[in-house]
Every structure is written in C-alpha cells, then in structure tokens.
Amino acid sequence: MIGQVESGMVATSAAIPFGHFKDVRQSFTRGSNTLVAIENISFDLKQGSLVTLLGPSGCGKTTFLKIVGGLISATSGTVQISGRDVTEPHPDFGVVFQQANLMPWRTVISNVLFPMEILGRRDAAAVTRASELLAIVGLSGFDEAYPSQLSGGMQQRVALCRALIHKPKLLLMDEPFGALDELTRMEMQDLLLDIRAKTAATVMFVTHSISEAIYISDTVVVFSKRPATIADYIDVDLPYPRSAEIRYAAGFTELEHRAGRALGIAR
Amino acid sequence: MIPHDWKSAIYPLVGIAAIVVIWQLYVSMFGINRIVLPGPFDIWDASVKNWSLLLTETWPTFVESILGFLLAVAIGIPVAVCVANSRVLNLTLYPILIATQSVPKVAIAPIILVWFGLGLKSKLVIAFLVAFFPIVVDTATGMRATPPGLVELARALRASPFQIFTKVQFPAALPFIFAGAKVAVTLAVIGAVIGEFVGSLNGLGNLLLTANSQLDSPLAWAALVWLSLLGILLFAAVVVVERLAMPWSESGH
C-alpha cells in the first residue's frame, strides 16, 4: 500500500495529540506599527484527520500553515507535531501550494522524484512508487511529459504526487485547488479523499471555499478576519466515503450555514 | 531566429533573394562603378576566385571570436552567480561593471593592443570584453528571477544552499543565460574585427582593410559577407546548444 505511516515520529500515547497548537501568535513589525496576523490559535490535530483552515483571503491562515510547516516561525505560542516543537521544515512534511510549482525543465516523473533526490533516497523503489502515485492520480503514461504539456489540473496532480512521494506524515496544502476551474476542483477533492483513504496521512488544508472545506474535512477550523482568531471549530459528522450527492444533503447545507455565520457572511 | 523546418526557412531565403535581385538590378541598370558598390555577381566572383584566401583569413577571426566568447561565458557566469547571491558583491561589482561597459571598446582597443600585441591575444581580449557584459547581466537577472515557490519547495525539504543552486536556481536561469549568450556571440565577432581593424597580421577584418585600401571593393565586400556568415554560424551553434540543453523549452517545438 502507498504511504504506510511509519512509526517513530508518530505519537504513540493518546495523551499526546499528533499536532498541538497553543496560543499561537504571529505579528509583523514595520517601523513603529505592529501588525498582528494571527493570535490565540489553539487546537489539536488528530492523527490521520483532515483539518481545513477556512477563512477570508489574507486572514493569516496561510501564515499559520507555514508556521506548522516550519517555513516561518511564530512570534509566540506552542507549535508541536508529534510532541516536538516545530522550529524548521521537516522532511516528514509534504507541501502543496496554490501554484503547482513544477520545474519546467524536469519531466513529470522527475518532478515527482525531486524530494527523494534532495533527501538522497532516489532509488529504484522511489521510481516505482512515483509511477504508482501517478497512476493513482490518473496520469499513467505522462511520466516523460514536460509540465508545459499538461493542463493546470494535471500539473496540480503531479504536485500532489510530489508531496506524497516521501510518505510524509503530515500533508500541508495551501489552497491547492484555488487556481482550478470548478469541475476540475470537485474532481481533485474526490481525488484527495481517495488518496487520503489509501495513505492514512494527516492533512491540513487551507481554503476560502466553504463547500470545499465541508466536503473534504473531518474538522473545519474557521478563521476570522485579521487579526485572525478561531471563530468556530466545526466537526463535520458526515460519513466517508463522500460523493457529490452529499453536497445536496440537509446536513451539508446546515454546516455550510454555520460556517457562513462564523465568517460573518450569513446570519 | 533559426527556422525549425524547411517550410519556414523559405521566408528568410525569399527575403534575401529579393534584396540580392534588386541590388543587382540597381547596379546593372544604373552602371554603378564596382569600386563604389559592387553587385552581388561581382562579390560572388571575388568570393569564388579568392575562396582559399577568404577561408584562411576566416580561421583566425573565428578562433578569436569563439575563444573570447567562451572566456566571457567561463568568467561571466560565475561572476553573475556571485553578484546575484551576495548583496555586498552586488553593490561592489555592479557599478564597476556598468562603468567599464560604458567605455567604448573601440577607444580602448589601441591600449589593449599595446598590452597584448598584434596577435591573437589582443583580439581575444577585446572579443571577451564586449561579450562579457550581456552574459553577466542576463545570467544575474535569471538568477534573481527564480520562482520563489520553487525555492520554498526546496527549503521545505531542507535542501542545502548548494542543492538549491544546482537543482533550482541554475536550471531556472538557463533561458536567460542563453539569451545573453546569443547576444554575446555576435558581439564577440564584432569585438574580434575591431581588434583586427586597430592592428593585426591576419583575419577577415585585416583582409577587409587591405582590400579596401587597394580599391578592391568586390573582395572587401566578400570579406564582409564571410564575416556575416561567421556571425550567423556562431549564433546558430549557440541555438543548437540551447536546444540540446533545454529540451523542455517551448521555443524548441
């Protein structure tokens, strides 16, 4: 099976959550002005869960995601993954950005293998796994194509494979489907759920689409406008596997309404 | 640009043929003195009659240009990498680079000749000096234009600065480097000819001057045509290397 969670870094005791965030605050100082991006962000991340950070554009949810990924450090607060403070990027994380960020000079399979190259683990097994991942996302036969020959949705699928190639324990996704058209986007959401079922990876997903958040998540963390705090914490009790039908269910609409209220766009 | 297939090669060839025909008609109809302006037939004649002389004189010019160009690549790219990655070096070197670039190369050619003599070395140095600047500027621009997302991706995997350079920055800068190299290679030929004009023992520039002084205009023009052919040849060589080095490039399809 693809992406078995390896032991070691995984929290073994139920007392230690996979991810633990307490009073996270991030502010930027420009001259004498202090701009608070996020504050009072506290919640726990369950092993194997899919958590969405939902909020208006520019509210700081991407900032929070980058803090969790170790790409930037928080001004104050506790950020722990598997009981360890996050101080720098960790190879156990996989990231997907809004832009596919593929290297135009590399073929599809070579792009997918990029993390393995950096980690010094590009071997025959890695190549096999890359092909398997490409097959899962429906890109068999495109191994030797260049990114410029692919559509936006296909490029984002390649980026997803690249994020999964080194079996990350935590997948960080920053509006990964934001640049795609609606239909491709819905396809990609199903693909993500499919992959997640197969890999059991823990996912933190940033979006500003209410329906996307509800459709894919176990939990939706709603961020308020800047300075962002947690406006609501919604447990999505809709059963998996989910399909397009569920978007029209009463429970779905109710959750959308609740998220809308938390965002201040519905009453 | 160099055409990719025979069909698109027809257009520039038809254009050149049209110019040659009009030129020849003009010279024949108005009975222009061939010392003032030789017609294409005269130039062709002179080319055929003196082909071994032209070939012999092309060789030194070719060597001067290509060595000057290669030296500019070998020194220019590392300098650009340093300038693009270090604020201190950028602030120190860039103004000096621009200052040296603003000195007309024709004006310093006599000095270069005094330093390096009448032979190959002085031409090589002048060719290097004119080819150096576009390579440094374009490479440095390319280094700075690395998509930040790619660097962030590498950083998220804790890539070393060296890995980021070899696997991200440098390949991302290749299109810029080749853009600079294409300009530089044609400039290198000009640099070599400037050197030959100021003082030389051989080369196409030397032949052109000699033929001109003997009022042998067809031969002088023939030397000029061979010079352009040399420039086109070198340009095409860079394009071929570019296509080999960047098979993913859109312009290659």
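From a predicted model like this one, the values you see are computed outputs, not experimental measurements. (Residues numbered from 1 in each chain as written. Chains lettered and ligands numbered in written order. Predicted model: local features only at pLDDT ≥ 70, side-chain atom pairs only at ≥ 80, totals over all residues. Heavy atoms only, no water.)

**Concerning the overall build of chain A**
Here comes step 1: Within chain A one finds 8 helices and 10 strands.
Here comes step 2: Taking 2.2 N^0.38 as the reference for a compact globule, 267 residues should give roughly 18 Å; the C-alpha atoms of chain A span a radius of gyration of 18 Å, in line with that estimate.
Here comes step 3: A buried classification covers 54% of the 267 residues belonging to chain A.
Here comes step 4: Long-range pairs, those at least 24 residues apart, make up 70% of the contacts in chain A between residues at least 6 apart in sequence. (Helix = DSSP H or I, 4+ residues; strand = E, 2+ residues; numbered from the N terminus. Rg over C-alpha atoms; globule rule 2.2 N^0.38 Å. Buried < 20%, exposed > 50% of the residue type's maximum accessible area, 1.4 Å probe, protein only. Contact = heavy atoms within 4.5 Å.)

**Here we look at the overall build of chain B**
Here comes step 1: Within chain B, the regular secondary structure consists of 10 helices and 0 strands.
Here comes step 2: Of the regular secondary structure in chain B, the N- to C-terminal order runs α-α-α-α-α-α-α-α-α-α.
Here comes step 3: Judged by the C-alpha coordinates and their principal axes, chain B covers about 75 × 50 × 30 Å.
Here comes step 4: Expressed as a percentage of the 253 residues in chain B, the buried residues total 42%.
Here comes step 5: Long-range pairs, those at least 24 residues apart, make up 74% of the contacts in chain B with a sequence separation of at least 6.
Here comes step 6: For chain B, the computed accessible surface area is about 13400 Å², with 75% contributed by carbon and sulfur atoms.
Here comes step 7: Within chain B, one finds 13 positive and 11 negative side-chain charges whose respective centroids are separated by 13 Å. (Areas by Shrake-Rupley, 256 points an atom, 1.4 Å probe, with all protein chains shown as cover. Lys, Arg positive; Asp, Glu negative; His and termini not counted. Charge placed at Lys NZ, Arg CZ, Asp CG, Glu CD.)

**Points about the pairing of strand β3 (residues 50-54) of chain A**
Residues and elements named next belong to chain A.
Here comes step 1: Of all 5 residues in β3, 5 are buried, a share of seventy percent or more.
Here comes step 2: Burial along β3 is two-sided: L50, T52 and L54 facing one way and V51 and L53 facing the other are all buried.
Here comes step 3: Alignment of β3 against strand β8 (residues 202-207), held across 5 bridges, turns out to be parallel. Each bridged residue has a counterpart across the sheet, and for T52 the counterpart in β8 is F205.
Here comes step 4: For β3 and strand β9 (residues 219-223), the ladder comprises 4 bridges, and the chain directions are parallel. Along β9, the bridge assignment pairs T52 with V220. (Pairing = 2+ DSSP bridges.)

**Thoughts on the domain arrangement of chain A**
All names here are of chain A.
Here comes step 1: Domain parsing of chain A yields domain 1 (41-92 + 168-267) and domain 2 (103-167).
Here comes step 2: Between the C-alpha centres of domain 1 and domain 2 there is a distance of 24 Å.
Here comes step 3: Listed per partner, the contact involves 15 residues of domain 1 and 12 residues of domain 2.
Here comes step 4: Buried area between domain 1 and domain 2, summed over both chains or domains, comes out near 1200 Å², and the portion from carbon and sulfur atoms is 75%.
Here comes step 5: Remark: the boundary between domain 1 and domain 2 carries 1 salt bridge.
Here comes step 6: For E187, the salt bridge is made with R157, and the minimal N-O distance between the two is 2.7 Å. (Domains from an automatic or database assignment. Buried area = accessible area lost by both parts, 1.4 Å probe. Salt bridge = Lys/Arg side-chain N within 4 Å of Asp/Glu carboxyl O.)

**Details of the packing of aromatic side chains**
Residue and element names in this part refer to chain A.
Here comes step 1: On inspection of all chains with the given rule, the structure shows 11 aromatic pairs over all chains.
Here comes step 2: Judged by centre distance (5.3 Å) and plane angle (85°), the ring pair of F21 and F64 falls under edge-to-face. Of this pair, F21 sits in strand β1 (residues 19-30) while F64 sits in helix α1 (residues 61-68), and the two are 43 residues apart along the sequence.
Here comes step 3: Look at F21 and you get buried, because its relative accessible area is 1%.
Here comes step 4: On the numbers, 5.8 Å between centres and 45° between planes, the contact of F43 with F64 is tilted. With F43 in strand β2 (residues 33-45) and F64 in helix α1, this pair connects stretches of sequence that are 21 residues apart. (Phe/Tyr/Trp six-rings, centres within 6.5 Å; stacked < 30°, edge-to-face > 60°.)

**Remarks on the interface of chain B and chain A**
How big an interface is tends to be expressed through the accessible area that disappears when the partners come together.
Here comes step 1: On the chain A side, the residues contacting the 18 residues of chain B number 23 residues.
Here comes step 2: Buried area between chain B and chain A, both sides added, is near 2000 Å², and the carbon and sulfur share of it is 67%.
Here comes step 3: If you look at where chain B meets chain A, you find 3 salt bridges.
Here comes step 4: Where E152(B) meets K66(A), a salt bridge forms, and the shortest distance between an N and an O atom there is 3.6 Å.
Here comes step 5: Viewed at the interface, chain A and chain B are joined by 4 residue pairs in polar contact (both at pLDDT 80 or more). (Polar contact = N/O pair within 3.5 Å; in protein donor to acceptor, adjacent residues only side chain to side chain.)

**Re the sheet that holds strand β4 (residues 76-81) of chain A**
Paired through their backbone hydrogen bonds, the strands of a sheet run either parallel or antiparallel.
Residue and element names in this part refer to chain A.
Here comes step 1: Pairing is antiparallel in the open sheet, where 4 strands are placed in the order β2-β1-β4-β5. With one partner strand each, in any of the chains shown, β2 and β5 (84-85) form the two edges of the open sheet.
Here comes step 2: By the bridge criterion, 2 bridges tie β4 to β5 in an arrangement that is antiparallel. Considered in β5, the bridge of Q80 is made with D85.

**Concerning the nonpolar core**
Here comes step 1: Core analysis: the largest hydrophobic core is formed by 85 residues, its most contacted members being F21(A), F43(A), F64(A), M204(A) and F223(A).
Here comes step 2: Broken down by element, this core gets its largest block of residues, 13 residues, from helix α8 (residues 161-198) of chain B.
Here comes step 3: Residues in contact with F43(A), not counting those within four places in the same chain, are G19(A), H20(A), F21(A), V51(A), L53(A), F64(A), M204(A), V221(A), I230(A) and Y233(A).
Here comes step 4: With 50 residues, the next largest nonpolar core counts V108(A), V137(A), L192(A) and V222(A) among its residues. (Core = buried A, V, L, I, M, F, W, Y, C linked by side-chain atoms within 4.5 Å.)

**Focus: the sheet that holds strand β10 (residues 230-235) of chain A**
All names here are of chain A.
Here comes step 1: Read from one edge to the other, the open sheet built from 6 strands follows the order β6-β7-β8-β3-β9-β10, with strand pairing classed as mixed. The sheet is open, and its two edges are formed by β6 (93-96) and β10, each paired on a single side. The average angle at which neighbouring strand axes cross in this sheet is 15°, direction not considered.
Here comes step 2: Of the strands in this sheet, β3, β9 and β10 are in contact with helix α8 (residues 250-263), which crosses β10 at around 170°. (Axes fitted to C-alpha atoms, helices over the stretch in contact; angles between N-to-C directions.)

**Examining unusual backbone geometry**
Residues and elements named next belong to chain A.
Here comes step 1: Here the residue pair Y240 and P241 is connected by a cis peptide bond, since its omega of -10° sits within 30 degrees of zero.
Here comes step 2: By the secondary structure assignment, P241 is in the loop between β10 and α8.
Here comes step 3: One non-glycine residue, S82, lies in positive phi territory at about 55°.
Here comes step 4: Locating S82 in the fold gives a position in the loop between β4 and β5.
Here comes step 5: Relative accessible area serves as the criterion here: at 12%, S82 is assigned to the buried category.
Here comes step 6: At K167, a position not held by glycine, the phi torsion is positive, near 50°.

**Overview of helix α1 (residues 6-29) of chain B**
Every α-helix winds through 3.6 residues per turn, so residues three or four apart in the chain are directed the same way.
Residues and elements named next belong to chain B.
Here comes step 1: Its 24 residues place the ends of α1 34 Å apart at the C-alpha level, agreeing with the 34 Å of an ideal helix rising 1.5 Å per residue.
Here comes step 2: Considered for burial, the residues of α1 that qualify are A9, Q24 and V27.
Here comes step 3: Those residues of α1 that are buried lie in contact with α2 (40-49).
Here comes step 4: Following α1 by one or two positions, G31 adopts a phi angle in the positive range, close to 55°. (Expected span 1.5 Å × (residues − 1).)

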